[in-house]
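Report on the structure
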Amino acid sequence: MGTLRRAALRMIFPFRHQLPENAVTADEAAKTFLGTMASTAARTSGLWRQHLENALADCLGVDARKQFFDLYPVEDYYLTGVVALESARIRQVYTPAEANELLAAIGDQLDMAAGRNDRLMSDMLFDLIGRIEAASTGAQQKKPYDLVTKAILRHLELHQNEATRDLMLDKAFRHTLGEPLAVGIQDWWRAFQQKFVLYIPPEPEPEEPEETFFTAPPAPVEPPRRKRRQLRRAESLI
């Protein structure tokens, strides 16, 4: 990182006197991460969609398939799956506080990075991460990409359509659909941590009330400063 960027970080965090050259904020890390994941998804989503289209061709007619793909942004769902598989590794690499900051930043940026103005992808992201983490503590540990594949199919509501319901139970189909996700796993955050230092600015100190020496009516009480926004659903991911 150049001296200009380091100077900019010092302007943003003026009380950080010894900021390392390789220091990054959670927002910067999330932006870089999502850019890499978008490139990864672009390379493998075509094969994933082809597998999905082939399976639906056996269940739905032409008009029904067109309606399905018009209704569900399947590429966005696939990208969310790619992001979830890598994001679920964050807690293996960073402290709980650092992981919360990173996951919150990813959730804040994901939909916008995909050109969406809703929270469809970020809400789905934390559902997928929660499923991965819950399964990792169970007696029978399942492959994360298998869990993500099954969860994506539920978000596509295949189980609610009688014509496509059997696909949810088809292990061969789910395995085929999960292969592109398995190929894309990179252990991205461990490699990132080895190169960069994550810098989380401290919480601002509360302002001391000024002393008054006259008997005037009390001034209105200013509401307390809002703390930095916490990670959505953080409790369920710990």
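This part covers unusual backbone geometry. The phi angle at Glu157 is positive, at roughly 60°, despite the residue not being glycine. Considering the arrangement of structural elements, one finds Glu157 in the loop between helix 8 (144-155) and helix 9 (171-183). With a relative accessible area of 32%, Glu157 lands in the partly exposed category. Residues other than glycine seldom take positive phi values, yet Asp187 does so here, at roughly 55°.

A few words on the packing of aromatic side chains. Under the criterion given, the structure shown has 10 aromatic pairs. Here the aromatic rings of Trp188 and Trp189 are separated by 4.7 Å at their centres, their planes lie at 80°, and the arrangement is edge-to-face. Taken together, a centroid distance of 5.5 Å and an interplanar angle of 75° make the contact between Trp189 and Phe192 edge-to-face. With a gap of three residues between them, Trp189 and Phe192 both fall in helix 10 (residues 188-195), about one helical turn apart. The pair Trp189 / Phe192 is uniform in exposure class, with both members buried. Chaining the aromatic ring pairs together yields one cluster made of Phe33, Tyr94, Trp188, Trp189, Phe192 and Phe196. The positively charged end of Arg49 is found above the aromatic ring belonging to Phe69, 4.3 Å away from the centroid.

The end-to-end C-alpha distance of helix 7 (residues 120-136) is 25 Å, a good match for the 24 Å that 17 residues give at a rise of 1.5 Å each. When you tally the buried positions in helix 7, you get 12 out of 17 residues, the bulk of the element.

With that out of the way, let us pick up the pattern of salt bridges. Going through the model one piece at a time under the given rule, you end up with 10 salt bridges. The residue Glu53 makes a salt bridge to Arg49 at a minimum N-O spacing of 2.8 Å. With a gap of four residues between them, Glu53 and Arg49 both fall in helix 2 (residues 26-57), about one helical turn apart. Residue classification places Arg49 among the partly exposed residues on the basis of a relative accessible area of 24%. Taken together, the shared-partner salt bridges in this structure form one network comprising Arg49, Glu53 and Glu75.

Let's shift gears to the environment of Ile106. Relative to the helices and strands, Ile106 is located in helix 6 (residues 96-113). Under the relative-accessibility criterion, Ile106 is labelled buried at 0%. Residues Ile106 and Ala84, spaced 22 residues apart in sequence, show a C-alpha to C-alpha distance of 10.0 Å. Setting aside its immediate chain neighbours within four residues, Ile106 contacts Ala30, Phe33, Leu34, Val83, Ser87, Ile90, Leu125 and Trp189.

Basis of the calculations
- Residues numbered from 1 in each chain as written.
- Predicted model: local features only at pLDDT ≥ 70, side-chain atom pairs only at ≥ 80, totals over all residues.
- Heavy atoms only, no water.
- Helix = DSSP H or I, 4+ residues; strand = E, 2+ residues; numbered from the N terminus.
- Buried < 20%, exposed > 50% of the residue type's maximum accessible area, 1.4 Å probe, protein only.
- Phe/Tyr/Trp six-rings, centres within 6.5 Å; stacked < 30°, edge-to-face > 60°.
- Lys NZ or Arg CZ within 6 Å of the ring centre and 35° of its normal.
- Expected span 1.5 Å × (residues − 1).
- Salt bridge = Lys/Arg side-chain N within 4 Å of Asp/Glu carboxyl O.
- Contact = heavy atoms within 4.5 Å.

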